[in-house]
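# Residue-level structural notes
The primary structure of each chain is shown beneath.
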Amino acid sequence: MKPFPYLIPDLSGDQIAETAEILRLLGEPSRLRILLACLSEPAPVGEIAERLGMARSLVSHHLRMLRASRLLRSARSGKQIIYSAADDRVRCIVADLAGHVVEIEDKDEA
């Protein structure tokens, strides 16, 4: 097993609950697809909905939840609100999870 690249901090009960809530949010495929879309390129609601073939109202609902969990941030550009990753740690979370899944699939195929 590879050495772990960083230490996991001790978490309080509230921090464990918040972490579990973020993992629950990411466990919904539509929200994860929306987050991935925002990681690849910041975009407004309409563009995200079009790219993913989802209803604008559904995307908007999920974006509110992702913003509330501090995974995404929003910035106004004219009349549009552009959504992007809150910070690089969000990209790291998703990249680590995706790497874990890909690694498991590669081992299963071997």
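Okay, so let's go over this structure. Just so it is clear, the model here is predicted, and its values are computed rather than measured.

Reading the values: the criteria
Residues numbered from 1 in each chain as written. Predicted model: local features only at pLDDT ≥ 70, side-chain atom pairs only at ≥ 80, totals over all residues. Heavy atoms only, no water. Salt bridge = Lys/Arg side-chain N within 4 Å of Asp/Glu carboxyl O. Helix = DSSP H or I, 4+ residues; strand = E, 2+ residues; numbered from the N terminus. Buried < 20%, exposed > 50% of the residue type's maximum accessible area, 1.4 Å probe, protein only. Expected span 1.5 Å × (residues − 1). Polar contact = N/O pair within 3.5 Å; in protein donor to acceptor, adjacent residues only side chain to side chain. Axes fitted to C-alpha atoms, helices over the stretch in contact; angles between N-to-C directions. Parallel < 35°, antiparallel > 145°, perpendicular 65-115°, else oblique. Contact = heavy atoms within 4.5 Å. Nonpolar A, V, L, I, M, F, W, Y, C, P; charged D, E, K, R; others polar. Pairing = 2+ DSSP bridges. Patch = residues over 30% accessible without salt bridge, like charges linked within 9 Å, V, L, I, M, F, W, Y side chains within 5 Å. Areas by Shrake-Rupley, 256 points an atom, 1.4 Å probe, with all protein chains shown as cover.

Attention now moves to the pattern of salt bridges. Counted under the stated rule, the structure contains four salt bridges. Where Glu18 meets Arg70, a salt bridge forms, and the shortest distance between an N and an O atom there is 2.4 Å. Placement of the pair is Glu18 in helix α1 (residues 13-26) and Arg70 in the loop between α4 (56-68) and β2 (72-77), with a sequence separation of 52 residues. Residue Glu18 is classed as partly exposed on the basis of its relative accessible area, which comes to 37%. Looking at Arg70, the relative accessible area reads 57%, which means it is exposed.

Okay, helix α2 (residues 29-40) next. Here α2 is 12 residues long and its end C-alpha atoms lie 16 Å apart, about the 16 Å a rise of 1.5 Å per residue gives. Taking the backbone nitrogen of Ser30 as reference, a side-chain oxygen 2.9 Å away marks Glu28 as the first, capping residue of α2.

This part is about the packing of α2 against α4. Look at α2 against α4: their axes get within 10 Å of each other, and the N-to-C directions meet at 80°. Considered as vectors, α2 and α4 are oriented roughly perpendicular to each other. Counting all contacts with α2, which are made through Ser30, Arg31, Ile34, Leu35 and Cys38, the residues of α4 involved are Val59, His62, Leu63, Met65 and Leu66. Each residue belonging to the contact of α2 with α4 can be placed in one class, and the counts come to seven nonpolar, two polar and one charged.

Strands sit in the order β1-β3-β2 across an open sheet of three strands; the sheet is antiparallel. Each edge of the open sheet is held by one strand with a lone partner, namely β1 (43-44) and β2. Packing of α4 onto the sheet brings it into contact with β2 and β3 (80-85), and relative to β2 it is tilted by some 115°.

Judged by side-chain polarity, Leu23, Ile93 and Leu97 come together as a nonpolar surface patch covering roughly 260 Å² of accessible area. Note on placement: Leu97 falls in helix α5 (residues 88-109). For Leu97, a relative accessible area of 42% translates into the label partly exposed.

Moving on, we get to the environment of Arg33. Position of Arg33 among the secondary structure elements: in helix α2. As a C-alpha pair, Arg33 and Leu52 span 19 residues in sequence and 7.7 Å in three-dimensional space. If we skip the residues at most four places from it in the chain, Arg33 touches Leu52 and Met54.

Now for the pairing of β3. Alignment of β1 against β3, held across two bridges, turns out to be antiparallel. Each bridged residue has a counterpart across the sheet, and for Ala43 the counterpart in β3 is Tyr83. In this sheet, β3 lies alongside β2 in antiparallel orientation, the contact comprising six bridges. By the bridge assignment, Ala75 is partnered in β3 with Ile82. Where β2 hands over to β3, the hairpin turn is made up of two residues, of which Gly78 adopts a positive phi near 70°.

Function cannot be read off these values alone, since they describe shape.
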